[in-house]
Amino acid sequence: MLIGLAVAILYVVSMAFLQSRGERFIQFSDLLIPRSLDVIVAAWLFYVGSSVGSFLNVVAWRMPRGVSINGRSHCPWCDHRLSWKDNCPVFGWLILAGRCRTCRMPIAPRYPIVELTVGLCLALVGWREFFGGGSTLPFHPERMGRVGALWTPYVSSETLVTMVYHVVVIASSWAFALVTWDGHRLPRTLVISSLLLVAIPILVHPGLAVVPWQVEMAPAWHSDGKYLDAAMRVLTGFVAAVLIARTMARHLAPTADPKLSPLGTDTRRLIDMIAIVAIPAIAVGWHASIGVSVLAIFIAAFLPSVLTRRIDPLASFAVALPVALTIQISFWRLLTELAYWPSVGSRPMTILVWAALVLITPRILLKKRPAVEGTAAEAM
């Protein structure tokens, strides 16, 4: 905590000093409050995000085992309920040195790692959308006003609704990833509730669709009030998830056959893969979901360098997907403007090339063999 405080003070002082040197009418002292506000916002976003990560740890542990997710967290060894100070995300584990306060048995480092990773993902999205006021999203008007040293968060009802929705989307993707990482099938309740949480908001508030479902954007297009477009966004997103998952199944679930082997292991993996890919496909549209999937594959390819045990390639892809989705949402406008990133208005050849990558690149994950159930969880 002292290190974090030192970093925060260093950020405030150094940024205020550097920015004041480039401003003619703004003094060093004028920038101390805006930069301190940056730290407060970042700390709050990280705390909320890591708290969501703590809850997702509970979801990933309890739901596959049929245990209710209600109730406070407790030690898995002695069943002692954790106090509020011990249950503080990341720091609670560090303060306890990774051991239960009561029985002194070890608590897996998986918990603070998940809290830290989810916290960083959600904090990045929140930071971009708080300070951008919607200008980080494609086809939204640029934020007006001063964009220099005195830049501050922009809070509006639209910004808050959009940010909360994107937090739910990324959290749902992480929930699927953690369950898959542990070697379990996705619980039906989790799949249905998560997909509804991602799809229904777009149907109710079409402004959350952000981009159209068509290949080309109509002149003066805007998402507000276009309920038919919103329904097509959800439908085409789900169809894209089926196609992407079926394409990747050639490598990750080669014997999947819903007709001839509906209860087969690979068929179940295919169904889970469809649900995993459906989250980003519905949230960012079928165009970008192709790029997000390929980006996730490349991110997953680097996981063995930081892990000590072999894991299921589908699990590594599932864990990399919310990271790729975070990058897509945080830099959505920038990525949409890139000529070679799949998005609305991309040339057909661009879409075809990325679709071909979905077919080819999963091969790089095959060097990882499936682990015994529970091994992946222990590795974290």
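Counting of residues starts from 1 at the beginning of each chain's written sequence and follows it residue by residue. The model is predicted, so local features are restricted to residues of pLDDT at least 70 and side-chain atom pairs to those at 80 or more, both for listing and for counting; the totals for chains, interfaces and linings are taken over all residues. Here the side-chain values reflect all heavy atoms present in the structure, with hydrogen atoms and water set aside.

Visitor: How do you make sense of the overall build of the protein chain when you look at a structure like this?
Guide: Every helix listed is a DSSP run of H or I at least four residues long, and every strand listed is a run of E at least two residues long, numbered separately from the N terminus. Counting secondary structure elements, the protein chain contains 12 helices and 0 strands. Along the chain direction, N to C, the helices and strands of the protein chain fall in the order α-α-α-α-α-α-α-α-α-α-α-α. Throughout, a residue-residue contact means that at least one pair of heavy atoms, one from each residue, lies within 4.5 Å. Within the protein chain, contacts between residues separated by at least 24 positions form 71% of all contacts whose residues are at least 6 apart in sequence. Split by element, the accessible area of the protein chain, about 19,100 Å² in all, is 69% carbon and sulfur. Values of accessible area rely on a 1.4 Å probe in the Shrake-Rupley scheme; residue burial ignores everything except the protein chains shown.

Visitor: Quick question: what am I supposed to make of the pattern of salt bridges here?
Guide: A pairing counts as a salt bridge when a side-chain nitrogen of Lys or Arg comes within 4 Å of a carboxyl oxygen of Asp or Glu. For the structure shown, the criterion picks out 5 salt bridges. Here Asp38 and Arg35 are joined by a salt bridge, their closest N and O atoms 2.6 Å apart. A residue pair is termed a helical-turn pair when its members lie 3 or 4 positions apart in one helix, as Asp38 and Arg35 do in helix 2 (residues 32-62) at 3 residues. For the pair Asp38 and Arg35, a shared accessibility class is recorded, and that class is buried. The buried label applies to any residue whose accessible area, calculated with a 1.4 Å probe on protein chains only, is under 20% of its type's maximum; exposed applies above 50%, and partly exposed to all values in between.

Visitor: What am I meant to see in the packing of aromatic side chains here?
Guide: Pairs of aromatic rings are described using the distance from one ring centre to the other and the angle between the two planes. Classification of ring pairs uses Phe, Tyr and Trp, with its six-membered ring standing for Trp, and accepts pairs whose centres are within 6.5 Å; under 30 degrees between planes counts as stacked, over 60 as edge-to-face, and the remaining range as tilted. According to the stated counting rule, one finds 3 aromatic pairs in the structure shown. Here Trp341 and Trp354 contribute two aromatic rings whose centre-to-centre distance is 5.0 Å and whose plane-to-plane angle is 65°, an arrangement assigned as edge-to-face. Here Trp341 is found in the loop between helix 10 (332-337) and helix 11 (348-360), whereas its partner Trp354 is found in helix 11, with 13 residues between them in sequence. Of the two residues, Trp341 and Trp354, both sit in the buried class. Across from the ring centre of Trp61, 3.6 Å away, lies the NZ or CZ of Arg65, which sits over that ring. Two limits define a charge over a ring: the Lys NZ or Arg CZ must be within 6 Å of the ring centre, and within 35 degrees of the ring normal.

Visitor: How should the confidence of the model for the protein chain be read in this particular structure?
Guide: In regions of low pLDDT, the predicted coordinates are not meant to be interpreted in detail. As a per-residue measure, pLDDT tells how confident the predictor is, with possible values from 0 to 100. Taken as a whole, the protein chain shows an average pLDDT of 85; of its residues, 89% reach a score of 70 or greater. Here residues 369-380 scores under 50 on pLDDT; set against residues more than four positions off or in separate chains, the count is 27 contacts.

Visitor: Quick question: what am I supposed to make of the packing of helix 8 (residues 265-301) against helix 11 here?
Guide: Helices that pack against each other are described as a pair by the angle of their axes relative to one another and the distance between those axes. Helix axes use the C-alpha atoms of the stretch in contact, all axes being lines fitted to C-alpha atoms, and the angles between their N-to-C directions lie in the range 0 to 180 degrees. Two elements in contact, helix 8 and helix 11, have axes whose closest approach is 9 Å; the angle formed by their N-to-C orientations is 40°. The orientation of helix 8 relative to helix 11 falls into the category oblique. In terms of crossing hand, the pair formed by helix 8 and helix 11 is left-handed. Facing Trp286, Ile290, Gly291 and Val294 of helix 8, the residues of helix 11 in contact are Ile351, Trp354, Ala355, Leu357 and Val358. Amino acids are sorted into nonpolar (Ala, Val, Leu, Ile, Met, Phe, Trp, Tyr, Cys and Pro), charged (Asp, Glu, Lys and Arg) and polar (every other residue, Gly among them). Among the residues making up the contact of helix 8 with helix 11, the classes are represented as 8 nonpolar, 1 polar and no charged. In what follows, roughly perpendicular refers to angles from 65 to 115 degrees, roughly parallel to angles under 35, roughly antiparallel to angles over 145, and oblique to any angle outside these ranges. Should the near helix be turned anticlockwise from the far one by less than a right angle, the crossing is left-handed, and should it be turned clockwise, the crossing is right-handed.

Visitor: Hey, could you run me through the environment of Trp77 in this one?
Guide: Topologically, Trp77 is positioned in the loop between helix 2 and helix 3 (91-95). When its relative accessible area of 54% is taken as the criterion, Trp77 is described as exposed. On a C-alpha basis, the gap between Trp77 and Ile107 in space is 8.9 Å, while along the polypeptide they are 30 residues apart. Other than its neighbours up to four places away in sequence, Trp77 contacts Cys103, Met105 and Pro106.

Visitor: Looking at this model, I keep getting lost on the environment of Val48. Mind explaining?
Guide: Mapped onto the elements of the fold, Val48 is located in helix 2. With a relative accessible area of 35%, Val48 lands in the partly exposed category. Separated by 41 residues in the primary sequence, Val48 and Pro89 have C-alpha atoms spaced 9.2 Å apart.

Visitor: How do you make sense of the packing of helix 4 (residues 110-132) against helix 9 (residues 313-330) when you look at a structure like this?
Guide: Between helix 4 and helix 9, the least distance of the axes is 9 Å, while the angle of their chain directions is 5°. Relative to helix 9, the element helix 4 is oriented roughly parallel. Between helix 4 and helix 9, the contacting residues are Cys121, Leu124, Val125, Arg128 and Glu129 on the first element and Thr326, Ile329 and Ser330 on the second. Split into classes, the residues belonging to the contact of helix 4 with helix 9 amount to 4 nonpolar, 2 polar and 2 charged.

Visitor: Explanation requested: the nonpolar core in the structure shown.
Guide: General note: in soluble globular proteins, nonpolar side chains tend to be found buried as a group. Formed by 85 residues in total, the largest nonpolar core has its most connected members in Leu56, Ile170, Trp174, Phe176, Ile202, Met248 and Phe317. The greatest single-element share of this core, amounting to 21 residues, is contributed by helix 8. The set of buried Ala, Val, Leu, Ile, Met, Phe, Trp, Tyr and Cys residues whose side-chain atoms join them within 4.5 Å is what this entry labels a nonpolar core. With 9 residues, the next largest nonpolar core counts Val41, Phe130, Phe131 and Trp151 among its residues.

Visitor: Hey, could you run me through a nonpolar patch on the surface in this one?
Guide: Patch building starts from residues that exceed 30% relative accessible area and form no salt bridge, then joins like charges within 9 Å and nonpolar side chains (Val, Leu, Ile, Met, Phe, Trp, Tyr) within 5 Å. Side chains of Leu2, Leu5, Ile9, Val13, Phe17, Leu18 and Phe28 sit close together on the surface and give an oily, nonpolar patch of about 690 Å² of accessible area. Relative to the assigned elements, Leu18 resides in helix 1 (residues 2-21).

Visitor: When you look at the side chain of Thr267 in this model, what are you seeing that I'm missing?
Guide: Position of Thr267 among the secondary structure elements: in helix 8. Since its relative accessible area comes to 2%, Thr267 is described here as buried. Residue contacts for Thr267: discarding those within four places in its chain leaves Ala256, Asp257, Pro258, Ser261 and Pro262.

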